[in-house]
Amino acid sequence: MGKKSTTKIIEELKRSRERLELAQRAGKIGVYEWDMVKGTVWFSDQESKLFGKPGKKITKPADWISSMHPDDQPRVNARIHEAIANKKRYVGEFRIIRPDGNLVWLKSIGRTFYKDGKPMRMVEINYDITARKLSEELLKFNAEASRALASSLNYRKTLSQVAQIAIQHMADWCTVEMLDENNQLELVAVAHKDPEKVKWAKELRAQNPTDLN
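Residues numbered from 1 in each chain as written. Predicted model: local features only at pLDDT ≥ 70, side-chain atom pairs only at ≥ 80, totals over all residues. Heavy atoms only, no water.

*Asks:* For the overall build of the protein, give the residues involved together with the corresponding values.
*Replies:* Looking only at helices and strands, the protein features seven helices and seven strands. Starting at the N terminus and ending at the C terminus, the protein contains elements arranged as α-β-β-α-α-α-β-β-β-α-α-β-β-α. Looking at the protein as a whole, 31% of its 213 residues are labelled buried. Looking at the protein alone, contacts between residues at least 24 apart form 41% of all its contacts between residues at least 6 apart. Here the protein displays about 14,400 Å² of accessible surface, and carbon together with sulfur accounts for 53% of that area. (Helix = DSSP H or I, 4+ residues; strand = E, 2+ residues; numbered from the N terminus. Buried < 20%, exposed > 50% of the residue type's maximum accessible area, 1.4 Å probe, protein only. Contact = heavy atoms within 4.5 Å. Areas by Shrake-Rupley, 256 points an atom, 1.4 Å probe, with all protein chains shown as cover.)

Structure below.
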């Protein structure tokens, strides 16, 4: 009787796991677990896919952190440790850089489990919000660019402002070219996230002019 009951329990657990995995795949939701005692992490299959590492076994917290955009790492680390210290749920958004170079935005919700007041492990779910973030950035760009274009009749000044706005919301670098009276393209604005590379961008455009054909 006991053996039959155990078999039944195992079967029910298997079915529950299969349902959960199906729901995760359908919702593209990854699960991440950090064992603070052992100093190890566990990735679900869907989590590995979100990080662009399908089939790769990830066991170290450093592997998770290293995939995160460098600009987001300090903020996320601080928020997670603050949530652990205050025994609150962690909620955040951050960017990851996949091995193929693609940048993806993830939403993260985590809960820490304690024993005798000591944090033992944290379980998080992550899901892709890239499309939403891109839409938000595009709306911001359109609004700010419209204000810049309406602020002055000096087209060089306004287009330079638009180029700066573009690198804040949707690009690493931006150039604006216009046809001159000789029907030739003239570079009227250039901006780069790294100010030191503006000169390089201008030289690159001079060496590789746009072919109108």
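*Asks:* Quick rundown of the nonpolar core? Include the residues and the values.
*Replies:* Counting 20 residues, the largest nonpolar core has Trp 64, Ile 80 and Phe 94 as the members making the most contacts within it. For this core, the elements supplying multiple residues, two or more each, are β1 (29-35), β2 (40-43), α3 (61-66), α4 (73-86), β3 (90-97) and β4 (103-115). Considering each element in turn, this core owes the most residues, four residues, to α4. Discounting chain neighbours no more than four positions away, the residues touching Ile 80 are Trp 34, Trp 64, Tyr 90, Met 122 and Glu 124. Ranked by size, the runner-up nonpolar core spans 14 residues in total, among them Ala 145, Ala 166, Val 176 and Ala 191. (Core = buried A, V, L, I, M, F, W, Y, C linked by side-chain atoms within 4.5 Å.)

*Asks:* Provide a residue-level description of the packing of helix α5 (residues 130-151) against helix α6 (residues 155-169), including the pertinent values.
*Replies:* Contact geometry for α5 and α6: axes closest at 9 Å, N-to-C directions at 165°. When the axes of α5 and α6 are compared, the pair comes out roughly antiparallel. Both α5 and α6 take part in a crossing whose hand is right-handed. On the side of α5, the interface is formed by Glu 137, Lys 140, Phe 141, Glu 144, Ala 145, Ala 148, Leu 149 and Ser 151, while α6 contributes Thr 158, Leu 159, Gln 161, Val 162, Ile 165, Ala 166, Gln 168 and His 169. For the contact of α5 with α6, the per-class residue count stands at eight nonpolar, five polar and three charged. (Axes fitted to C-alpha atoms, helices over the stretch in contact; angles between N-to-C directions. Parallel < 35°, antiparallel > 145°, perpendicular 65-115°, else oblique. Left-handed = near helix turned anticlockwise from the far one by under 90°. Nonpolar A, V, L, I, M, F, W, Y, C, P; charged D, E, K, R; others polar.)

*Asks:* Which residues make up the side chain of Asn 126, and what are the values?
*Replies:* Within the secondary structure layout, Asn 126 lies in strand β5 (residues 118-128). Assessed through its relative accessible area of 0%, Asn 126 is described here as buried. For Asn 126, the side chain forms a polar contact with the side chain of Glu 47, separated by 2.6 Å. When residues no more than four places from it in sequence are discounted, the contact partners of Asn 126 are Lys 28, Ile 29, Gly 30, Tyr 32, Glu 47, Leu 50, Phe 94, Leu 106, Lys 107 and Ser 108. (Polar contact = N/O pair within 3.5 Å; in protein donor to acceptor, adjacent residues only side chain to side chain.)

*Asks:* Account for the pairing of β2, with residues named and values stated.
*Replies:* Burial along β2 is one-sided: Val 41 and Phe 43 are buried, while Thr 40 and Trp 42, pointing the other way, are not. One ladder, built from four bridges, connects β1 with β2; its direction is antiparallel. The partner of Asp 35 across the bridge, within β2, is Thr 40. Between β1 and β2, which pair antiparallel one after the other, the connecting turn spans four residues, and Gly 39 there sits at a positive phi close to 70°. (Pairing = 2+ DSSP bridges.)

*Asks:* Describe the pattern of salt bridges, and please don't skip the residues or the numbers.
*Replies:* According to the stated counting rule, one finds eleven salt bridges in the structure shown. As a salt-bridge pair, Glu 186 and Arg 156 come within 2.5 Å of each other at their nearest N and O atoms. Taken together, the residues span a long stretch of sequence, with Glu 186 in strand β7 (residues 185-192) and Arg 156 in helix α6 at a distance of 30 residues. By relative accessible area, which is 35% here, Arg 156 ends up partly exposed. The residue Lys 193 makes a salt bridge to Asp 172 at a minimum N-O spacing of 3.9 Å. In this pair, Lys 193 is assigned in the loop between β7 and α7 (198-207) and Asp 172 in the loop between α6 and β6 (173-179), connecting sequence segments 21 residues apart. Accessibility expressed as a relative area gives 49% for Lys 193, which makes it partly exposed. One connected set of salt bridges, linked through shared partners, spans Glu 93, Lys 107, Arg 132, Lys 133 and Glu 136. (Salt bridge = Lys/Arg side-chain N within 4 Å of Asp/Glu carboxyl O.)

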